Every structure is written in structure tokens, then in C-alpha cells.
Amino acid sequence: MDLTGKMLIGGQAVPGNRDAIKAINPATDQALEPGYPGGSREHVDQACALAWSAFDSYRETSLEQRAAFLEGIAGQIEALGDALVDRAVAESGLPRPRIQGEVGRTCFQLRTFARTVRAGEWLDVRVDEALPERQPLPRPDLRQRHIALGPVAVFGASNFPLAFSVAGGDTASALAAGCPVIVKAHSAHPGTSELVGQAISRAVAAHDLAPGVFSLLYGSGAEIGIGLVSDPRIKAVGFTGSRSGGVALTQAAQARPEPIPVYAEMSSINPVFLFEHALRNRGPALAEGFVASLNQGAGQFCTNPGLVIAIKGDALDAFLATATQAVQRSPAQTMLTPGIFRAYANGLQALAGNAGARVLGAGLEGAGPNQCQTHLFVASAQDFLREPALQAEIFGSASLVVTCEDAAQVLQVAEHLEGQLTATLHLDEADAQAVRNLLPTLERKAGRILVNGWPTGVEVCDAMVHGGPFPATSDSRSTSVGTAAIARFLRPVCYQNFPDALLPAAIQGANPMALSRLVNGQRQS
């Protein structure tokens, strides 16, 4: 599996003509070969032209062909074996078992979307047959299905070099919907991106699809990213990253003559609410579980528990004492990139310098470069409500505990929160009424609300919602994980009084695809 340092445009290896990107091994601060020269607007135009030419044929592939293609990508990724794992470990500093788990998750996502495609429910077929005798006006024959939006630009994430990257959830769901995909590789793991891009390109060829169904571009500045979002042939965007990056792409998309949706997953501090009886009955265990979740992956998860909210008292004091001891025992971990480490250090410095917060404890210092040292802070609810900076996300193993005077102040803090990916409730049966009082607020604030667990870990399944109100995402109506993610890249089309022979197979009278359909208001299989 040779790395070429080239982009993949319609299956062809194409050299870039801008400054070269080199991955940095964050554990050693050493640059990795080869370099990846970035692309230009001309390369964007070439990839978009190929994607547009592939769109109409790809969106009408049979459900079986498209599902088999997704499964083929998974098989090609698995065939990369140790070459992929070794490169991803070197580029990310993540432990080998974590990368192996990501390979499995990435392939599981692809196969899950293959199942979703075959089922066909995402087509949401609706048929209202003609009623020519209806009074006072007849009803025409009306039939609806969903079709793909068009080519999609996907931006790889820094913290998941596989599962949220070249063949990750955005790519898998867009391909499942029938959209060609152009990926802008993340600069932190260009070699991993090339290996996965090669696997997708091989699957495109093996399944006799138009080459423009997939392309992979590199670029360290805004030229490629803004170029993709601004190109009129791109009809939607998938992004996982910083708030500033997601907002910039959203603004560029809205400034187009034809605005397009940007599905950006951005910033979340994932509040954890500790209720009175749960805290009293199992506070030390909750403290240990909290710190374990906080430290997972050096805190480099979008669902990391960055905020804890509870009412003052002896039970909270015991929780804080145990959590502080657990933090102080926490070993340092290598962060994903030097840039992420610098941002983490700056965030810690800003929070430590805020008069409203104080440090409860810090973890062990690391010996190598880019080491994340766990930190735990505390602030009063009064200061949290007064100081917006206390709500800022710190991407890493750092969390802030907000102490409240009573349940009314807990509710006030919850109302003050920005949009979140998750909200966690630790409760016992006797806490039920307090939870009922808080739940309506949390439903407005978060995309996923969980009980007696920890937010790190996002299941890939039908019911998952990985989204939430701004700034968690740019569109709270969607999810980036789970089979419902396919809906982001679809739109409905209604066909009125069409001859049956001209209708797409999904909405023909005989239902040749054997789909579940809503016919005259009744569900039929």
C-alpha cells in the first residue's frame, strides 16, 4: 500500500501545486513522509465537474448496487490491514486498540448504511391516488419520493482519523443517499486519508460506477475548503470541527447565489447534572466514572463531559474530593496535533486566569511533547451566569464544576447554556420530580439526553441523534451519526398525473421494488 502524496480526483492520482502538507507524529513532533502538495481552484473545478457528471447516473443506481458498493468500501478498508492502522497511529498519537476500533466502527457504519439503503424506507414513498369524482374538486394522482441533493463536500475531522473522516459517517450517509462525495482531507492525517481514499476509489471501479462518485483533495488554507463550498455544483456540506471553521463554511454557503445546507458539528461542553439522591448514595463512584470519561482519548471527544452541575452540600463536597484525587492520579496523554495541544494549553491558561474559576486539581505531567495534563476547575453558579467565558469549550481533558444554591439555580444555569450535543442526568428514583422539572429545558438545549451513564461513546444505530442546537451544530434538525443521517442529503419530489411507465420504479403502481409505502393515508408493505 504505497503512499504517493497525491490527490485522488475521479480515481486518478493527481499531484497538487500548492505548499506541501506533512503529518506530524504528535508523540515525537517528527514530520512524516511523504509530503502532500495542496490543490488549487482548478483541482476543485475538476473534481466538481466529475462529480456533477456522475450525479444523475449514481443517484439512480439500484438499491442493491448502491448497498453492495458501500459494503465493497468496507471490504477494501479492511483489506488495508496493518498498513492503515500503523499510519493512523503515527499520524494521530492514538493507541493502536483505539485505531483498530475505529476501523471496525467505520466499516460497521458503511454496512449499516448498506442495510438502510436496501430497506428503502429513506425514500419515504407516499402515494395519493386520483379521485376524479371528488367534489367540489377532483384530486389528481400525486406520488412522492426522495432523491439525492447532489454532490456533497465532506471535511474530515481531526479527532477521528477514520470514523469521521474520508469514509466516515458524512461520506457513508451521502453515498447512501445517492450523492457523489468530494472529501477535503484533514491536514493532520494525510497518509491515512490517502489509504482510505484509495480503498474507496477501488470500490468505485469494482462496482462499475462513474469515476466522479468520489474524489479526495488536500489543502492547508481556505482555497480548497471555500472553493468547494462556493462551487455551484456542490449541493451540501458535511463538517466536523471547530466553531470558527463551521461558521466560516456556513457563511460562505449562505453567501452563494444558491445557498446550500451546511451540516456542521462544532462546539459542545456536554453538561452533566448530578441530582441530590444519586449524589448522596453513590457520589464516589460517580466521581470515578466522571474522571474516566473525562480522560478518555485525552478528552478529545465532541461529547467529553466539560461541565458538571450540582447543588452545594456534603455530598457534592465528597464527590469533588474523590474527583480531585482521581484527576491528580491521571497520567498525561498525547494529544492529536501540536496545534490542538497549544489550543488546550491556552484554554487552561484562560480558565485559570478567570476570577470566577479556581483549580481543584491537575493530573500528572507528561515527559514528551504535546502532553494533555488533566484539569478540574470549580465555579459558583453566580459567576458562571455572569461570565460567558466560563462556558467556552476546552478541547481536552478539562472540566468545570458549577455549584448551585438550590434547584431553582440549577434550572437557571441550564437555561443559560448554549446548545449541546448531550446532557447527562445522574439520578435515583427519589430524584424523579427534580428531573421532570429540568427535562423540558434540556430537550430544548441538547440532541441526546442520557441517564446514569457518560456521554463519551456514540452508538451507530437507527435511533441515535448526534446533533443539537447551535453551536453544537449548524442545523439542529439533523444528526451526523446513525441511519437518520441519510436524510440530510435528500429532498422530496412530487410527481402529478404521470403515466405509470414514466414514473420512477419506487412510486409505480405495481410497487416493483416492494417498498413500504404510504398509500391514501394507509401504510402498505
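What you see as residue numbers is a count from 1 along each chain, following the sequence as written. Local features in a predicted model are, by the rule used here, given only for residues with pLDDT of at least 70; side-chain atom pairs are given and counted only at 80 or more, and totals for whole chains, interfaces and linings are based on all residues. Computation of side-chain values covers all heavy atoms of the structure but excludes hydrogens and water.

An unreviewed UniProt entry lists the protein under the name Aldehyde dehydrogenase (NADP(+)), with Pseudomonas piscis given as the organism.

Asks: For the overall build of the protein, give the residues involved together with the corresponding values.
Replies: Within the protein, the regular secondary structure consists of 14 helices and 25 strands. Within these notes, the globule rule equals 2.2 Å times the number of residues to the 0.38 power, and the radius of gyration is based on C-alpha atoms. Relative to its length of 525 residues, the protein is compact, with a C-alpha radius of gyration of 25 Å against a globular reference of 24 Å. Here the C-alpha coordinates of the protein stretch approximately 75 × 65 × 40 Å along the principal axes. Burial classes: relative accessible area under 20% of the type maximum marks a residue as buried, over 50% as exposed, and values in between as partly exposed (1.4 Å probe, protein chains only). Residue burial in the protein is summarised as follows: out of 525 residues, 57% are buried. Should any heavy atoms of two residues lie within 4.5 Å, those residues are considered in contact. Residue pairs in contact within the protein that sit at least 24 positions apart in sequence constitute 76% of those at least 6 positions apart. All accessible areas in this document rest on Shrake-Rupley with a 1.4 Å probe, and a residue is counted as covered only by the protein chains that are shown. Summing over all exposed atoms, the protein offers an accessible surface of approximately 20600 Å²; the carbon and sulfur share of this is 53%. Segments assigned H or I by DSSP are reported as helices when at least four residues long, segments assigned E as strands when at least two residues long, and all are numbered from the N terminus.

Asks: How would you summarise the nonpolar core if you had to cite specific residues and measurements?
Replies: Among the buried residues, those of types Ala, Val, Leu, Ile, Met, Phe, Trp, Tyr and Cys that are joined through side-chain atoms within 4.5 Å form a nonpolar core. Counting 128 residues, the largest nonpolar core has Phe 69, Ile 77, Leu 217, Phe 273, Ile 309, Leu 400 and Val 402 as the members making the most contacts within it. Grouped together as the second largest cluster of nonpolar side chains are 21 residues, Phe 319, Ala 326, Val 327 and Leu 360 included.

Asks: Mind laying out the layout of surface pockets, listing which residues take part and the relevant values?
Replies: Definitions used for this entry: grid spacing 1 Å over protein atoms alone; cavity, a set of points where a 1.4 Å probe fits but cannot get out; pocket, an open set with protein on both sides within 12 Å along at least 5 of 7 lines; lining residue, one with an atom within 4 Å of a point. Grid points are joined across faces, edges and corners, and a volume is the space filled by probe spheres set on the points. Approximately 1000 Å³ is the volume attributed to the largest pocket. Around the largest pocket, the lining comprises 40 residues; the ones closest to its centre are Phe 239, Gly 241, Ser 242, Arg 243 and Gly 245. Elements with a minimum of two residues in the lining of the largest pocket: helix H7 (222-230), strand S12 (236-240), helix H8 (243-254) and helix H11 (338-352). Here the lining of the largest pocket takes 5 residues from H11, the largest share from any one element. Taken together, the residues of the lining of the largest pocket break down into 17 nonpolar, 18 polar and 5 charged. Here the second largest pocket defines a volume of roughly 400 Å³. The wall of the second largest pocket is formed by 23 residues, among which Phe 275, Glu 276, Ile 311, Ala 407 and Ala 434 lie closest to the centre. Mapped onto the lining of the second largest pocket, the elements with two or more residues apiece are strand S14 (271-274), helix H9 (276-295), strand S15 (307-311), helix H10 (314-328), helix H13 (407-416) and helix H14 (432-445). Residue type decides the class: Asp, Glu, Lys and Arg count as charged, Ala, Val, Leu, Ile, Met, Phe, Trp, Tyr, Cys and Pro as nonpolar, and the leftover types, Gly among them, as polar. Of the residues in the lining of the second largest pocket, the class split is 15 nonpolar, 3 polar and 5 charged.

Asks: Give a detailed account of the environment of Thr 4, specifying residues and quantitative values.
Replies: Along the polypeptide, Thr 4 turns up in the segment before strand S1 (7-9). As for Thr 4 and Pro 15, which are separated by 11 residues in sequence, their C-alpha atoms are 8.9 Å apart. Under the rule applied, a polar contact is a pair of N or O atoms within 3.5 Å (in protein, one hydrogen donor and one hydrogen acceptor; residues adjacent in sequence only if both atoms are side-chain atoms). From its side chain, Thr 4 meets the backbone nitrogen of Lys 6 in a polar contact 3.1 Å long. Within the local environment of Thr 4, its side chain forms a polar contact with the side chain of Glu 194, the two groups lying 2.6 Å apart.

Asks: Run through H11, naming residues and quoting values.
Replies: Helix length check: H11, at 15 residues, gives a terminal C-alpha distance of 21 Å against a target of 21 Å (1.5 Å per residue), a fit within 8%. Where H11 is concerned, the buried positions are Pro 338, Ile 340, Tyr 344, Gly 347, Leu 348 and Leu 351. Summarising the contacts, the buried residues of H11 are in contact with strand S4 (24-25), strand S17 (357-362), strand S18 (371-372), strand S19 (375-380) and strand S20 (398-404). What a helix should span is 1.5 Å times the count of its residues minus one.

Asks: Summarise the UniProt feature "domain: Aldehyde dehydrogenase" (unreviewed entry) in the protein; cite the residues concerned and give the values.
Replies: UniProt positions are given in the numbering used here, feature names are shortened, and annotations may be inferred rather than shown by experiment. UniProt annotation of "domain: Aldehyde dehydrogenase" (unreviewed entry) refers to residues 17-460 when read in the numbering used here. Here residues 17-460 is 45% helix and 19% strand, with 38 Å between the C-alpha atoms at its ends.

Asks: Give a detailed account of the sheet that holds strand S22 (residues 446-451), specifying residues and quantitative values.
Replies: When DSSP finds at least two bridges between two strands, those strands are taken to pair. Across the sheet, which stays open at both edges, the 7 strands sit in the order S17-S19-S20-S15-S14-S21-S22 with mixed pairing between neighbours. Two strands close off the open sheet at either side, each with one partner strand: S17 and S22. With direction set aside, neighbouring strand axes in the sheet form an average angle of 20°. Judged from the 6 bridges that link them, S19 and S20 form a sheet pairing that is parallel. Within S20, the residue paired with Ser 380 across the bridge is Thr 403. Lines fitted to C-alpha atoms define the axes here, with helix axes fitted over just the stretch in contact, and angles between the N-to-C directions of these axes take values from 0 to 180 degrees. Lying on the sheet, H10 is in contact with S14, S15, S17, S19 and S20; it crosses S17 at an angle near 55°. In the packing of H13 onto the sheet, contacts are made with S14, S15 and S20, and the angle to S20 comes to roughly 140°.

Asks: Quick one: what's the story with the packing of aromatic side chains, residue by residue and with numbers?
Replies: The criterion for an aromatic pair is that two Phe, Tyr or Trp rings (for Trp, the six-membered ring) have centres within 6.5 Å, with stacked assigned to planes under 30 degrees apart, edge-to-face to planes over 60 apart and tilted to the rest. Counting across every chain of the model gives 10 aromatic pairs. Look at Tyr 36 and Tyr 218: their rings are 4.7 Å apart centre to centre, the planes differ by 40°, and that puts the pair in the tilted class. Of this pair, Tyr 36 sits in strand S6 (residues 36-37) while Tyr 218 is found in the loop between strand S11 (214-217) and H7, placing the two residues 182 residues apart along the sequence. Of the residues examined, Tyr 36 reaches a relative accessible area of 0% and is grouped as buried. The buried category is assigned to Tyr 218, whose relative accessible area is 1%. Taken together, a centroid distance of 6.1 Å and an interplanar angle of 65° make the contact between Phe 155 and Phe 239 edge-to-face. Of this pair, Phe 155 sits in strand S9 (residues 152-155) while Phe 239 sits in strand S12; the two residues are 84 residues apart in sequence, bridging distant segments of the chain. The class of Phe 155 is buried, set by a relative accessible area of 8%.

Asks: Before we move on, could you go through unusual backbone geometry and cite the residues and values that matter?
Replies: Cis peptide bonds are those with omega within 30 degrees of zero, and the linkage from Gln 135 to Pro 136 qualifies with 10°. If you trace the backbone, Pro 136 turns up in the loop between strand S7 (126-128) and strand S8 (142-148). Following Phe 470, the chain continues into Pro 471 via a peptide bond in cis, with omega recorded as 5°. Mapped onto the fold, Pro 471 is located in the loop between S22 and strand S23 (490-496).

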